[in-house]
Amino acid sequence: MPMAPLICNETVSRVSSVLNRDAKQFGKKHMFDGSEETCWNSDQGSSQWVMLEFPQTVKVSQLQIQFQGGFASQLCTLEGGRKGEELVKISDFYPEDINALQISFHSHWGLGLLSGRAGHVARIRHQIWSTARAGFRTEETMLDKLKITFENSTDFFGRIVVYRLSVLGEKL
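Residues numbered from 1 in each chain as written. Predicted model: local features only at pLDDT ≥ 70, side-chain atom pairs only at ≥ 80, totals over all residues. Heavy atoms only, no water.

## Section: the pattern of salt bridges
A complete count under the given rule lists four salt bridges for this structure. Across the pair Asp155 and Arg159 runs a salt bridge, and its minimum N-O distance is 2.8 Å. Under the relative-accessibility criterion, Asp155 is labelled buried at 9%. Here Arg159 falls in the partly exposed class, since its relative accessible area comes to 22%. (Salt bridge = Lys/Arg side-chain N within 4 Å of Asp/Glu carboxyl O. Buried < 20%, exposed > 50% of the residue type's maximum accessible area, 1.4 Å probe, protein only.)

Okay, structure coming up:
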């Protein structure tokens, strides 16, 4: 079955913080509106996060995220779970500090890092990040809720800025 967007109007989203508590200008809704002019901007802090609760069980196959360069996370943790259960760690991944859309894809083969630059291939743990058509690798996961924790911000104050967040897969 082809991948489809899993974030919809019924998806409940929460974030750790919003810059100056100004949800109108910097709120979570801006990660999902498709506009290149708007973004979620967290307040300062050592760790920021986004939590998504889907209206039905989903199989996540791909994650797409676009940071603002200078306000990216150097270490992200994916956690997921079923309704009524504790979250469990799915994967760590290491995005680049760039403005480009970064895309994940699942793999049944485990390790790898692909970069679109001159065919360069390198290995980093269980996932990969790069721009355009490559990304981090992880197994497909069935869940009702997904949490992305952003640690080690490239911003001195720990702020994170996300212009786009998409989760693709299959509704079950």
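## Description of the confidence of the model for the protein chain
Of all residues in the protein chain, 78% have pLDDT values of 70 or greater, and the mean over the chain is 81. In this model, residues 107-135 is a region of pLDDT below 50 whose contacts with residues beyond four sequence positions or in other chains number 74 contacts. (pLDDT = per-residue confidence, 0-100. Contact = heavy atoms within 4.5 Å.)

## Focus: the environment of Ser17
With respect to the helices and strands, the residue Ser17 is situated in the loop between strand E2 (12-15) and helix H1 (23-26). C-alpha separation for the pair Ser17 and Gln48, spaced 31 residues apart in sequence, amounts to 7.2 Å. The residues touching Ser17, leaving out its near neighbours within four places in the chain, are Trp40, Asn41, Ser42, Asp43 and Gln48. Within the local environment of Ser17, its side chain forms a polar contact with the backbone nitrogen of Asp43, the two atoms lying 2.9 Å apart. (Helix = DSSP H or I, 4+ residues; strand = E, 2+ residues; numbered from the N terminus. Polar contact = N/O pair within 3.5 Å; in protein donor to acceptor, adjacent residues only side chain to side chain.)

## Examining the nonpolar core
Trp40, Phe150, Val162 and Leu165 are the most contacted members of the largest nonpolar core, which has 27 residues in total. Residue assignment for this core shows that the elements contributing at least two residues are strand E4 (47-67), strand E5 (73-81), strand E12 (141-153) and strand E13 (161-171). Every residue in contact with Val162, bar those within four places of it in the chain, is listed here: Met31, Cys39, Trp40, Ile65, Gln66, Phe67 and Phe150. (Core = buried A, V, L, I, M, F, W, Y, C linked by side-chain atoms within 4.5 Å.)

## As for unusual backbone geometry
Here Asn20, not a glycine, exhibits a phi torsion of approximately 55°, which is positive. Topologically, Asn20 is positioned in the loop between E2 and H1. Of note, Arg21 is a non-glycine position whose phi angle comes to about 55°, a positive value. By the element assignment, Arg21 lies in the loop between E2 and H1.

## As for the pairing of E2
Here E2 shows a clear split, with Ser13 and Val15 buried on one side and none of Val12 and Arg14 buried on the other. Bridge analysis of E2 against E4 gives four bridges, and the strand direction is antiparallel. By the bridge assignment, Val15 is partnered in E4 with Val50. (Pairing = 2+ DSSP bridges.)

## Let's talk about the side chain of Thr77
Take Thr77: it is sitting in strand E5. You can call Thr77 buried: its relative accessible area is 10%. Here Asp92 takes part through its side chain, which lies 2.9 Å from a polar atom of the side chain of Thr77. Once you skip the residues sitting within four places of it in the chain, Thr77 turns out to touch Lys89, Ser91, Asp92, Lys147, Ile148, Thr149 and Glu151.

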